Amino acid sequence: MIVRIMGEGQVKLDDAHFTELNKLDDELLAEMESGDEEGFRRRLGALLDAVRRLGSPLPDDALEPSELILPSPDATLEEVRDMLSDDGLIPG
């Protein structure tokens, strides 16, 4: 799966990593629901770090369609809320 982190670029991720990413996404969603800005920042950073660590960056000139778009590390709580689906940021 190709994942775009807004403002950074694209990463290719193996589907086997989505269990770990969904756990981090659930934790991020819980922080958002509680309105905890510090916890939100920490969980968003952890989710994006995991995508970077587990994935392989695509070259900057690659124009692959992104199957998943994640917010930038400096996104606000409201901006991320606007991106959420019923499953959070990561489906499943």
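Residues numbered from 1 in each chain as written. Predicted model: local features only at pLDDT ≥ 70, side-chain atom pairs only at ≥ 80, totals over all residues. Heavy atoms only, no water.

Draft legend 1. Region of interest: the overall build of the chain. Scanning the chain from terminus to terminus reveals three helices and four strands. The order of α-helices and β-strands along the chain, N terminus first, is β-β-α-α-β-β-α. Relative to its length of 92 residues, the chain is compact, with a C-alpha radius of gyration of 13 Å against a globular reference of 12 Å. If one aligns the C-alpha atoms of the chain with their principal axes, the spans along those axes are about 40 × 25 × 20 Å. Here the chain holds 92 residues, and 38% of them are scored as buried. By sequence separation, contacts in the chain at least 24 residues apart represent 67% of the contacts at least 6 residues apart. Of the accessible surface of the chain, which amounts to about 5,400 Å², a share of 50% is contributed by carbon and sulfur atoms. (Helix = DSSP H or I, 4+ residues; strand = E, 2+ residues; numbered from the N terminus. Rg over C-alpha atoms; globule rule 2.2 N^0.38 Å. Buried < 20%, exposed > 50% of the residue type's maximum accessible area, 1.4 Å probe, protein only. Contact = heavy atoms within 4.5 Å. Areas by Shrake-Rupley, 256 points an atom, 1.4 Å probe, with all protein chains shown as cover.)

Draft legend 2. Up close: helix H1 (residues 18-34). With 17 residues, H1 extends 24 Å from end C-alpha to end C-alpha; this agrees with the ideal 24 Å at 1.5 Å per step. All of the buried residues along H1 are Phe18, Leu21, Asn22, Leu24, Asp25, Leu28, Glu31 and Met32. On its buried face, H1 is in contact with helix H2 (37-54), strand E4 (68-70) and helix H3 (77-83). (Expected span 1.5 Å × (residues − 1).)

Draft legend 3. Highlighting the sheet that holds strand E2 (residues 9-12). Judged by pairing direction, the sheet is mixed, and its four strands sit side by side in the order E3-E2-E1-E4 without closing on themselves. The open sheet has two edge strands with one neighbour each: strand E3 (56-57) and E4. As judged from the two bridges shared by E2 and E3, these two strands associate in the antiparallel manner. By the bridge assignment for E3, Lys12 is matched with Ser56. (Pairing = 2+ DSSP bridges.)

Draft legend 4. Quick look at the pairing of E2. Bridge count for strand E1 (residues 2-5) against E2 is four bridges, and the pairing is antiparallel. For Val3, the partnering residue across the bridge sits in E2 and is Val11. Once E1 ends, the chain turns through three residues before running back antiparallel as E2, passing Gly7 with a positive phi of about 85 degrees.

Draft legend 5. Quick look at the environment of Glu33. Looking at the element boundaries, Glu33 is found in helix H1. Residue class for Glu33 comes out exposed when judged on its relative accessible area of 64%. Along the backbone, Glu33 and Ile90 are 57 residues apart, and their C-alpha atoms lie at a distance of 16 Å.

Draft legend 6. Structural detail: the environment of Gln10. By the element assignment, Gln10 lies in strand E2. For Gln10, a relative accessible area of 6% corresponds to the buried category. Remark: the alpha-carbon pair of Gln10 and Leu58, spanning 48 residues in sequence, is separated by 5.6 Å. Apart from the residues within four sequence positions on either side, Gln10 is in contact with Ile2, Val3, Arg4, Ser56, Pro57, Leu58, Ala62, Glu64, Pro65 and Ser66. A polar contact of 2.6 Å, which involves the side chain of Gln10, links it to the backbone oxygen of Glu64. At 2.8 Å, the side chain of Gln10 forms a polar contact with the side chain of Ser66. (Polar contact = N/O pair within 3.5 Å; in protein donor to acceptor, adjacent residues only side chain to side chain.)

Interpretation in functional terms is not warranted from these geometric data alone.
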